[in-house]
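# Summary of the model geometry
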Amino acid sequence: MNREQITTEQRSRLAVIYIRQSSSYQVTHNVESGLRQRNFVERAIELGWDQDRVLVIDEDLGESASRTGKRSGFEQMVAMTALGEVGIILAIEVSRLARANRDWYHLLDICSITGTLIGDEEGLYNPKEYNDRLLLGFKGTMSEAELHIIKQRLVEAMRQKAKRGELRRRLPAGYFWDEAGRIQKDPDEQVCAAIDLVFNRFVVLETINQTHLSLCEDGVRIPVHVAHGKGLEWKQPSSGQIQRMLTNPIYAGAYVYGRRQTEETVGSDLKPKKRLKHVPKEAWHVLIKDHHDGYISWEQFEKIQERIRSNRRGIEGPGAPREGNSLLQGLIVCGRCGRRMSIAYGKGSRPTRYRCAKAREQTGAPVCQAFGARKLEQAFEKILLECLSPLGVEAMIEAAKVYAQDNEAQQRQWEQKVERVRYEVDLARRQYDAVDPENRLVARELERRFEKVLRTLESTESEARTHLGALEEALSGNEEQLLRRHAHNLPT
């Protein structure tokens, strides 16, 4: 259509100039694009709109047009159009308005009903007219297809680079990219020792929760990346950090791409929504074993993952060890219905009993079966001790050795922590000695820093002595021999 076909009634409404750029980088650096879009105010005036009837909507700067329902400016424009307040919508091109057909055709339908025109650099369009609507629909489809092609090229380029193990992504604590584009271990001995301690502690305790509690009780700090910056800082670990460390294959020397993939779902507002979801190992895009030096082997990593999976309580396994004094807590399954049985601890002289009451809780049916725990646990204990008698003491000695190794790892970590603080003290002393004493503006600040790290050293050494003094020593040779002499009497 041409400008002569614009009606007086349409000019009596608002002329909306919709301005959008896809990212904050474009807003900051692609300044010319923003100026071109704002110049459409003059275009609206040329088409016959008064300047006070021109509305500029720029709330969506830095927002992608492919995100449905995420643009407040676009939603405001659609609402005003639906109310009949807009006579024409102007944008530099169709892709500025929408790159998703759902949004685009919704806007076209509303414009067709309210008689709102659409304009871009190439011309004016009336969505009520068949030819104009056909052309607008084609432009919208091409805009969406263009975005898809651009994304596909970028994604495939990233995957090809990832297949060679060269795609650089942020690495967890304990690794860094060198100048040649290779993944290298952190040269800091304290960082490596802290990561080794986490994995060794899990091997002993076998649950993420117990590993986390044990590390916190021992005052262990682990290295984490500083937010929005480079470098590491030492923090008390959270359970989530321990889980991410234990489940990250990079610590097993593997390069992985595609552990989390985008999944499209329908949200509670019945709109499409995307989220990242962890996928099984078979669905990873790239898995390159022995890509770099690992803190553990791939076989150890798989054993840890299997242990974590078995700790999840469910039908397929017993789950992690449960709280309670019963020997078979969480392990008994009903032989009649196959449901896991619960345990009821008696008060006072009342005995402990196992009960299968799931059907009663779910449907109101009677209790399937219930029995006392004492005889069953005594029978199980007898069978267990008979099986363990030949190996029981050796296993105990081996466990003591593992515990002693863990003690040595803790001792090394505290020694390294003290060594790091002593270095900071020496650095602060050298800086203080190097300054001109007459320059009090600088000397006072360096003196304050020197005194601060001295206090930190004193508290760190005191904390190290407390923790190291609480560590148990390894079994002596005489103690091991004493255990072996009692091997024939394991029940005692």
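See the structure shown above.
Residues numbered from 1 in each chain as written. Predicted model: local features only at pLDDT ≥ 70, side-chain atom pairs only at ≥ 80, totals over all residues. Heavy atoms only, no water.

## Side note on the overall build of the protein chain
Of regular secondary structure, the protein chain possesses 17 helices and 16 strands. Its C-alpha atoms give the protein chain a radius of gyration of 34 Å, clearly above 23 Å, the size a compact globule of 492 residues would have. Reported as C-alpha extents along the three principal axes, the dimensions of the protein chain are approximately 110 × 90 × 45 Å. Long-range contacts, defined here as pairs at least 24 residues apart, represent 61% of the contacts in the protein chain between residues at least 6 apart. (Helix = DSSP H or I, 4+ residues; strand = E, 2+ residues; numbered from the N terminus. Rg over C-alpha atoms; globule rule 2.2 N^0.38 Å. Contact = heavy atoms within 4.5 Å.)

## Considerations on the sheet that holds strand 4 (residues 117–120)
The pairing of strands in a sheet happens through backbone hydrogen bonds and is either parallel or antiparallel. As summarised here, the arrangement of the 5 strands in space is 2-1-3-4-5, forming an open sheet in which the pairing is mixed. Either end of the sheet is taken by a strand with one partner, and the two such strands are strand 2 (54–57) and strand 5 (123–125). This sheet shows a mean twist of 25 degrees between the axes of neighbouring strands, independent of strand direction. Taken together, the 3 bridges between strand 3 (residues 86–90) and strand 4 define a ladder with parallel strand orientation. Residue I89 lies in a different strand from strand 4, and its bridge partner there is I118. Strands in contact with helix 8 (residues 130–163) are strand 4 and strand 5; relative to strand 5, the strand with the most contacts, it is inclined by about 110 degrees. (Pairing = 2+ DSSP bridges. Axes fitted to C-alpha atoms, helices over the stretch in contact; angles between N-to-C directions.)

## Some details on the side chain of D186
Positionally, D186 belongs in the loop between strand 7 (183–185) and helix 9 (189–205). Despite its burial, D186 pairs with no opposite charge; the closest candidate is R420, at 7.0 Å N-O. At a separation of 2.9 Å, a polar atom in the side chain of D186 contacts the main-chain amide nitrogen of D188. Leaving out residues up to four positions away in the same chain, D186 has contacts with G174, Y175, F176, V191, C192, L232 and Y295. (Buried < 20%, exposed > 50% of the residue type's maximum accessible area, 1.4 Å probe, protein only. Lys, Arg positive; Asp, Glu negative; His and termini not counted. Salt bridge = Lys/Arg side-chain N within 4 Å of Asp/Glu carboxyl O. Polar contact = N/O pair within 3.5 Å; in protein donor to acceptor, adjacent residues only side chain to side chain.)

## Re the sheet that holds strand 15 (residues 353–356)
Pairing in this open sheet of 3 strands is antiparallel, and the strands run 14-15-16 from one edge to the other. Each edge of the sheet is formed by a strand with only one pairing partner; in this case those strands are strand 14 (342–344) and strand 16 (369–372). Neighbour-to-neighbour, the strand axes of the sheet open up by a mean angle of 25 degrees, direction not taken into account. When strand 15 meets strand 16, the two strands line up antiparallel, connected through 4 bridges. In the sheet register, R353 faces strand 16, and the bridge partner there is G372.

## As for a nonpolar patch on the surface
Together, L327, F380, L384 and L388 line one region of the surface with nonpolar side chains, adding up to about 310 Å² of accessible area. Within the secondary structure layout, F380 lies in helix 14 (residues 374–388). (Patch = residues over 30% accessible without salt bridge, like charges linked within 9 Å, V, L, I, M, F, W, Y side chains within 5 Å. Areas by Shrake-Rupley, 256 points an atom, 1.4 Å probe, with all protein chains shown as cover.)

## Observations concerning helix 16 (residues 440–469)
Between its first and last C-alpha atoms helix 16 spans 43 Å; for 30 residues at 1.5 Å apiece the expected length is 44 Å, and the two agree. Taken together, the buried positions of helix 16 are occupied by A443, L446, F450, V453, L457, T460, A464 and H467. (Expected span 1.5 Å × (residues − 1).)

## A look at the environment of N126
Looking at where N126 falls in the secondary structure, it is placed in the loop between strand 5 and helix 8. For the pair formed by N126 and F74, sequence separation is 52 residues and the distance between their alpha carbons is 19 Å. Excluding residues within four positions of it along the chain, N126 makes contact with M1, L117, D132 and R133.

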